[in-house]
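Chain by chain, the residues run as shown.
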Amino acid sequence: MDDDRLTGPCRRPIRSKRSLGQQGIKGSYCRSVRPIASAPFFCPLLVSCSGIQSALDPAGREAAHVATLFFTMLIGGAVIWLAVVGLLFYAARKRRVHSEKGAGQLILWGGAIFPTVVLAALLAYAVWLMPNIRPWFQGEAGSVRRIEVTGEQFWWRVRYLRQDGTVAFETANEVRIPVGERVIFSLKSPDVIHSFWIPVLGGKMDMIPGRDNQLTLMAEKSGTYRGVCAEFCGSSHALMAFTVLAMEAQDFENWMAARQVASGTEDMDGLALFLKQGCDGCHAISGTEARGTIGPDLTAFGERGSVAAGTLENVEEHIARFIRDPGAIKPEARMPHFSMLPDAEIDRIAAYLKGLR
Ligand code: CUA
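Residues numbered from 1 in each chain as written. Predicted model: local features only at pLDDT ≥ 70, side-chain atom pairs only at ≥ 80, totals over all residues. Heavy atoms only, no water.

A. View of the overall build of the protein chain. A count of helices and strands for the protein chain gives 10 helices and 12 strands. A separation threshold of at least 6 residues defines the contact pool for the protein chain, and within that pool the share at least 24 residues apart is 57%. (Helix = DSSP H or I, 4+ residues; strand = E, 2+ residues; numbered from the N terminus. Contact = heavy atoms within 4.5 Å.)

Laid out in structure tokens, this is it:
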């Protein structure tokens with residue numbers, strides 16, 4: 001019987017002990033197969049080193065410093081671990097009796113001086129790196145982009161601010177930033193503590209009720225990334241993510257300009273149904289009479305990558321499911337269910353929302 005198996009993400013077939021034994025190479029099994037057999041355990045670790053949400057695959061300046069610090073510590077730790085394991089084997093095999101003076105020297109150098117020097121060097125390196133990981137903006141006050149993000153239960157209110165601090169426009173569950181420009185995030189929360197974290201761009205920062213915490217980040221590579229909430233904030237803590245689009249400066253300017261013009265809608269029947277069912281009590285859509293502020297702003301909703309803050313792909317079927325029963329998808333979401341509406345009406349509203357550009 002052929003015992004070939006695929007080893008998860010590695011896709012490398014390994015042979016079982018039995019089948020190798022049948023082929024008469026039993027003795028070499030341990031040496032040849034063990035490293036390969038251990039691969040499935042390490043592959044998931046390596047896979048998590050890249051991707052849209054990996055602090056070890058940086059796309060921003062602050063995240064690059066964090067990754068450098070991590071790899072420096074990892075390599076340093078690995079070297080010391082190997083040295084200690086080497087000494088362990090040496091001590092186990094060579095049964096040499098050391099003089100009292102020699103043993104004392106070993107304890108002094110290996111047990112006191114060496115760890116003190118290494119730990120002091122690592123501490124000095126980390127302290128030196130700290131201002132780079134959490135920089136305060138030092139340029140002219142008027143020259144920096146400011147975005148206010150508020151952690152809601154369980155979604156993200158995103159407001160683009162003008163230089164005078166007033167709100168230019170609002171969106172939700174999506175943060176767009178220009179590449180190569182420092183952005184100051186003003187982080188708030190009305191009720192519980194959340195934590196704003198875009199792993200590929202930098203460290204996290206708590207959003208605390210009554211406070212305005214500032215975090216500055218700078219994207220260095222354009223792309224689409226994922227941000228998450230990093231502080232337990234309730235039943236749907238794990239279901240509040242957001243999309244981060246790092247755009248080339250000119251594309252970003254064009255998008256900003258377009259968003260500041262009321263977009264309106266061509267689907268007047270869809271809008272009429274949206275208003276008739278009272279969706280505008282909570283939601284706003286620029287260029288229409290919908291001006292609710294309790295829930296996410298739905299302007300250009302069709303362009304967003306997800307429904308329910310990173311929970312579902314943005315397709316009509318998922319929008320309809322969420323309208324029908326938000327709590328089934330996102331426990332303790334504050335949006336009421338609309339399962340009393342006929343399916344045709346829910347589908348019509350979903351189609352209207354998906355069509356918003
Ligand atoms: Cu918001 Cu966890």
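B. Representation of the pairing of strand β2 (residues 155-161) in the model. Among the 7 residues that make up β2, 6 are buried, leaving the element largely enclosed by the rest of the structure. Where strand β1 (residues 145-152) meets β2, 7 bridges bridge the pair, whose relative direction is antiparallel. Pairing of Thr150 across the sheet is with Arg157, part of β2. Note: β2 against strand β3 (residues 167-172), 5 bridges, orientation antiparallel. In the sheet register, Arg157 faces β3, and the bridge partner there is Ala172. (Buried < 20%, exposed > 50% of the residue type's maximum accessible area, 1.4 Å probe, protein only. Pairing = 2+ DSSP bridges.)

C. Just the nonpolar core, in detail. Core analysis: the biggest nonpolar cluster contains 36 residues, and Ile147, Val149, Trp156, Ile177, Phe185, Phe196 and Leu201 have the highest contact counts within it. In terms of residue count, strand β10 (residues 241-247) provides more of this core than any other element does, 5 residues in total. In this structure, Leu273, Ala290, Ile323 and Leu341 belong to the second largest nonpolar core, which totals 24 residues. (Core = buried A, V, L, I, M, F, W, Y, C linked by side-chain atoms within 4.5 Å.)

D. Here's a closer look at the confidence of the model for the protein chain. Across the protein chain, pLDDT averages 84, with 83% of residues at or above 70. At the low end of the mean pLDDT range in the protein chain sits helix α1 (residues 17-22), at 37; at the high end sits strand β6 (residues 194-197), at 97. (pLDDT = per-residue confidence, 0-100.)

E. Main features of the sheet that holds strand β5 (residues 182-188). The strand order across the open sheet built from 5 strands is β3-β2-β1-β5-β8, with neighbouring strands paired in mixed fashion. Single-partner strands in this sheet number two, and they are β3 and β8 (213-218). Between one strand axis and the next, the sheet turns through 25° on average, direction left out of account. Of the strands in this sheet, β5 and β8 touch helix α4 (residues 61-93), which is tilted by about 85° from β8. (Axes fitted to C-alpha atoms, helices over the stretch in contact; angles between N-to-C directions.)

F. Examining α4 more closely. Between the first and last C-alpha of α4 there are 48 Å, a value that for 33 residues agrees with the 48 Å anticipated at 1.5 Å per step. Of the positions making up α4, those classed as buried are Glu62, Ala63, Ala67 and Leu69. Where α4 is buried, its residues contact α5 (100-133), β5 and β8. (Expected span 1.5 Å × (residues − 1).)

G. A look at the sheet that holds strand β9 (residues 223-229). Ordered by their spatial adjacency, 5 strands build an open sheet running β4-β10-β9-β6-β7, and the pairing between neighbours is mixed. Strand pairing shows two members of the sheet lacking a second neighbour, β4 (174-178) and β7 (205-207), which therefore form its edges. Going across the sheet, the axis of each strand differs from the next one's by a mean of 30°, ignoring polarity. Of the pairings in the sheet, the one linking β9 to β10 comprises 6 bridges and is antiparallel in character. If you follow Gly223 over to β10, its bridge partner there is Ala246. This element, helix α6 (residues 249-259), spans β4 and β10 of the sheet and lies at about 130° to β4.

H. Fine view of the packing of helix α7 (residues 268-276) against helix α10 (residues 343-354). With their axes 9 Å apart at the nearest point, α7 and α10 run at an angle of 120° to one another. Viewed along their axes, α7 and α10 adopt a mutual orientation that is oblique. By crossing handedness, the relation of α7 to α10 is classed as left-handed. Contacts between α7 and α10 pair Asp269, Gly270, Leu271, Leu273, Phe274 and Lys276 from the former with Glu345, Arg348, Ile349, Tyr352 and Leu353 from the latter. Partitioning the contact of α7 with α10 into residue classes produces 6 nonpolar, 1 polar and 4 charged. (Parallel < 35°, antiparallel > 145°, perpendicular 65-115°, else oblique. Left-handed = near helix turned anticlockwise from the far one by under 90°. Nonpolar A, V, L, I, M, F, W, Y, C, P; charged D, E, K, R; others polar.)

I. Fine view of α7. Looking only at α7, the buried set comprises Gly270, Leu271, Leu273 and Phe274. Projected down its long axis, α7 carries its buried residues within an arc of 160°, all on one side. Facing away from the buried side of α7 by more than 90 degrees, the exposed set consists of Asp269 and Lys276. Packed against the buried residues of α7 are α10. Looking one or two residues beyond α7, the residue adopting positive phi is Gly278, at roughly 80°. (Arc of directions from axis to C-beta.)

J. Region of interest: the packing of helix α8 (residues 316-324) against α10. Packing of α8 against α10 brings their axes to within 8 Å, and their N-to-C directions diverge by 125°. Relative to α10, α8 is oriented oblique. In the packing of α8 onto α10, the handedness of the crossing is right-handed. Here Glu316, Ile319, Ala320, Ile323 and Arg324 of α8 come into contact with α10, specifically with Asp343, Ile346, Asp347, Ile349, Ala350, Ala351, Leu353 and Lys354. Classifying every residue of the contact of α8 with α10 gives 8 nonpolar, no polar and 5 charged.

K. Spotlight on a nonpolar patch on the surface. A contiguous nonpolar patch, built from Phe70, Phe71, Leu74, Ile75 and Val79 and spanning about 460 Å² of accessible area, is present on the exposed surface. Within the secondary structure, Phe70 is located in helix α4. A relative accessible area of 38% means that Phe70 is categorised as partly exposed. (Patch = residues over 30% accessible without salt bridge, like charges linked within 9 Å, V, L, I, M, F, W, Y side chains within 5 Å. Areas by Shrake-Rupley, 256 points an atom, 1.4 Å probe, with all protein chains shown as cover. Salt bridge = Lys/Arg side-chain N within 4 Å of Asp/Glu carboxyl O.)

L. Spotlight on the packing of aromatic side chains. Counted under the stated rule, the structure contains 11 aromatic pairs. Their ring planes at 70° and their centres at 5.3 Å tell us that Tyr160 and Trp255 sit as a pair that is edge-to-face. Highlighted residues: Tyr160 in strand β2 and Trp255 in helix α6, separated in sequence by 95 residues. Considered together, Tyr160 and Trp255 belong to a single accessibility category, that of buried residues. Aromatic ring contacts, followed pair by pair, group Trp156, Phe185, Phe196 and Phe242 into a single cluster. A cation over an aromatic ring shows up here: Lys204 above the ring of Trp197, its NZ or CZ 4.3 Å from the ring centre. (Phe/Tyr/Trp six-rings, centres within 6.5 Å; stacked < 30°, edge-to-face > 60°. Lys NZ or Arg CZ within 6 Å of the ring centre and 35° of its normal.)

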